[in-house]
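One-letter residues, chain by chain:
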Amino acid sequence: MSQVAARQSAGVEQTIARIQQWKKTRCAVIIAHNYQPDEIQAVADYTGDSLELARLAAKTEAEVIVFAGVVFMAESAKLLSPQKTVLLPVKEAGCPLADTITAEDLRQARQQHPQAAVVIYVNSPAEVKALADVCCTSANAVEVVNSLPQAEVIFAPDKNLAHWVARHTQKRIIPWPGSCCTHNNITAKDVAAAKQAHPEAKFMAHPECRPEVCGQADAVLSTSQMLRRAKAEKATEFIVGTEIGMLYRLRKENPEKTFYPLSSRMVCRSMKMTSLADLADALEYIKYPVEVPEPIRMGAFQALEAMLKIN
Ligand code: 13P
């Protein structure tokens, strides 16, 4: 190892030690989304998809939750555990998809479709969730929609997930025009190239991908559903159609199998903002506490709780 590499490695060890020390002092738990950088997932107490992390946040005994993810995820943890301190280590880590809808937009859509139920994907701001009948994640969107009594459903803000749900329900889905740039930028051409390079591989796609991409997948799954599928399948090669952070756990938990990213462009900049030093600082200096005004929190909590009761 060169001297520079040795110094860097010692620096990383020190930062990890600082994280562990302050985690104990604060009675904290570190929760990380499956898209976080490898080294963040490695130090986290729990990793998972949006649904699993929401459930964890609702039931953890820890006094402090450090959420390595993006704003809407930390916000959801706070909505479900208002008495806890929820920290988002990098406060600028937003979700471009969540930014495609405002509360005012949704009020207008409700007026235009007064008969419709409103299902809001968790990738949305708290004030938008507060106006929804129920939330959903990519893992339970179809079940949530099918559980509703209404024949029409406003589904926002991801148009590709809305399209996926529409294929699996008798209900009329009124989609919102939002999308996740990391998933939506991928086209059928990328799928063709990946399949040509790895003809034996099974292709798993996230439902935030375009319909033309999902249409070519062997399975359309949330991030944690991908983990379960990769373990259960006999196949030994997989093309992974979601953010590349996903490859860390897939490879770690299935060392005998091979995983290829669908495209090296599938990188969410916001998910990659958090560093080990940010985690250590968050714990030591209580940075950055998430706050949601109580009237918004109550409304958004009800929509999240309604989801957790369905699935
Ligand atoms: P999952 O709920 O499948 O983890 O997806 C979260 C997300 O933000 C996808 O872009």
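Placed above this text is the structure.
Fair warning: this is a prediction, and the values are worked out from it, not measured in the lab.

S.K.: Would you take a moment to explain the packing of helix α12 (residues 223-232) against helix α13 (residues 246-253) for this structure?
M.R.: Packed helices, taken two at a time, are described by the angle between their axes plus the distance between the axes. Taken N-terminus to C-terminus, the directions of α12 and α13 make an angle of 25°; their axes are 10 Å apart at the nearest point. Judged by the angle between their axes, α12 and α13 are roughly parallel. In this structure, α12 crosses over α13, and the sense of that crossing is right-handed. Together, T223, M226, L227, A230 and K231 of α12 and M246, R249, L250 and E253 of α13 make up the contact between the two elements. Classifying every residue of the contact of α12 with α13 gives 5 nonpolar, 1 polar and 3 charged.

S.K.: Got a minute to help me understand the site of the ligand in this structure?
M.R.: The ligand sits among H33, Y35, D49, S50, N123, S138, H183, H206, E208, S222 and T223. In the model, an oxygen atom of the ligand is placed 3.0 Å from a nitrogen or oxygen of the N123 side chain. At a separation of 2.9 Å, an oxygen atom of the ligand approaches a polar side-chain atom of E208. Notes on the ligand: free accessible area 300 Å², of which the protein chains cover 96%. The cavity that encloses the ligand is the largest pocket.

S.K.: Honestly, empty space enclosed by the protein in this entry has me stumped. Any pointers?
M.R.: If a probe the size of a water molecule is rolled over the atoms, the empty space left behind becomes visible. If you walk through the whole model with that rule in mind, you get 1 cavity of 30 Å³ or more. Roughly 60 Å³ of internal volume is contained in the largest cavity. Surrounding the largest cavity, S50, L53, A54, F67, F72, M73, S76, V122 and T137 form its lining. Within the residue set of the lining of the largest cavity, elements represented by two or more residues are α3 (50-59) and α4 (71-80).

S.K.: What's the story with the sheet that holds strand β5 (residues 117-121) in this structure? I'm lost.
M.R.: A sheet is described by the order of its strands in space; here 4 strands give the open sequence β6-β5-β7-β8, paired in parallel fashion. The open sheet has two edge strands, β6 (134-136) and β8 (172-175), and neither has a second partner. Strand-to-strand twist of the sheet, defined as the mean angle between neighbouring strand axes without regard to direction, takes the value 30°. One ladder, built from 4 bridges, connects strand β7 (residues 152-156) with β8; its direction is parallel. Note that in β8 the partner of I154 across the bridge is I174. Strands in contact with helix α8 (residues 159-166) are β5, β7 and β8; relative to β8, the strand with the most contacts, it is inclined by about 175°.

S.K.: Hey, could you run me through the layout of surface pockets in this one?
M.R.: Roughly 400 Å³ of internal volume is contained in the largest pocket. Along the walls of the largest pocket sit 32 residues, with Y35, C180, T182, E208 and C268 positioned nearest its centre. Counting only elements with at least two residues in the lining of the largest pocket, the list comes to α3, α4 and α9 (181-184). Residues that form the lining of the largest pocket fall into these classes: 15 nonpolar, 12 polar and 5 charged.

S.K.: Just to check I follow, could you spell out the packing of aromatic side chains for this structure?
M.R.: Each pair of aromatic rings is reported with the distance of its centres and the angle of its planes. The full count for this structure, using the stated rule, is 1 aromatic pair. Seen from their ring centres, F238 and F259 are 5.3 Å apart, and the 15° between their planes marks the pair as stacked. Here F238 is found in strand β11 (residues 237-241), whereas its partner F259 is found in strand β12 (residues 258-261), with 21 residues between them in sequence. F259 shares its class with F238; the two are buried. Here the guanidinium or amino end of K91 rests over the ring plane of Y288, the centre of that ring lying 4.3 Å away. The ring of F301 has R297 sitting right over it, with the charged end atom 5.5 Å from the ring centre.

S.K.: Just to check I follow, could you spell out the packing of helix α1 (residues 3-26) against helix α14 (residues 276-285) for this structure?
M.R.: Two elements in contact, α1 and α14, have axes whose closest approach is 9 Å; the angle formed by their N-to-C orientations is 30°. Put simply, α1 runs roughly parallel to α14. The way α1 lies across α14 gives a crossing that is left-handed. From α1, V12, T15, I16, R18, I19, W22, K23 and R26 reach across to α14, where they touch L276, A277, L279, A280, D281, L283, E284 and Y285. Partitioned by chemical class, the residues of the contact of α1 with α14 number 10 nonpolar, 1 polar and 5 charged.

S.K.: What's the story with the environment of L262 in this structure? I'm lost.
M.R.: Topologically, L262 is positioned in the loop between β12 and α14. Judged by its relative accessible area of 6%, L262 falls in the buried class. Considering only alpha carbons, one finds L262 and I186, 76 residues apart in sequence, at a separation of 8.6 Å. Ignoring sequence-local partners within four residues, the contact set of L262 consists of I186, D190, V191, A194, F203, V213, I239, V240 and G241.

Cut-offs applied
- Residues numbered from 1 in each chain as written.
- Predicted model: local features only at pLDDT ≥ 70, side-chain atom pairs only at ≥ 80, totals over all residues.
- Heavy atoms only, no water.
- Axes fitted to C-alpha atoms, helices over the stretch in contact; angles between N-to-C directions.
- Helix = DSSP H or I, 4+ residues; strand = E, 2+ residues; numbered from the N terminus.
- Parallel < 35°, antiparallel > 145°, perpendicular 65-115°, else oblique.
- Left-handed = near helix turned anticlockwise from the far one by under 90°.
- Contact = heavy atoms within 4.5 Å.
- Nonpolar A, V, L, I, M, F, W, Y, C, P; charged D, E, K, R; others polar.
- Near = heavy atom within 4 Å.
- Polar contact = N/O pair within 3.5 Å; in protein donor to acceptor, adjacent residues only side chain to side chain.
- Areas by Shrake-Rupley, 256 points an atom, 1.4 Å probe, with all protein chains shown as cover.
- 1 Å grid on protein atoms, 1.4 Å probe; cavity = no way out; pocket = protein on both sides within 12 Å on 5 of 7 lines; lining within 4 Å.
- Sits in = over half its atoms within 2 Å of the grid points.
- Points joined across faces, edges and corners; volume = space filled by probe spheres on them.
- Pairing = 2+ DSSP bridges.
- Phe/Tyr/Trp six-rings, centres within 6.5 Å; stacked < 30°, edge-to-face > 60°.
- Buried < 20%, exposed > 50% of the residue type's maximum accessible area, 1.4 Å probe, protein only.
- Lys NZ or Arg CZ within 6 Å of the ring centre and 35° of its normal.

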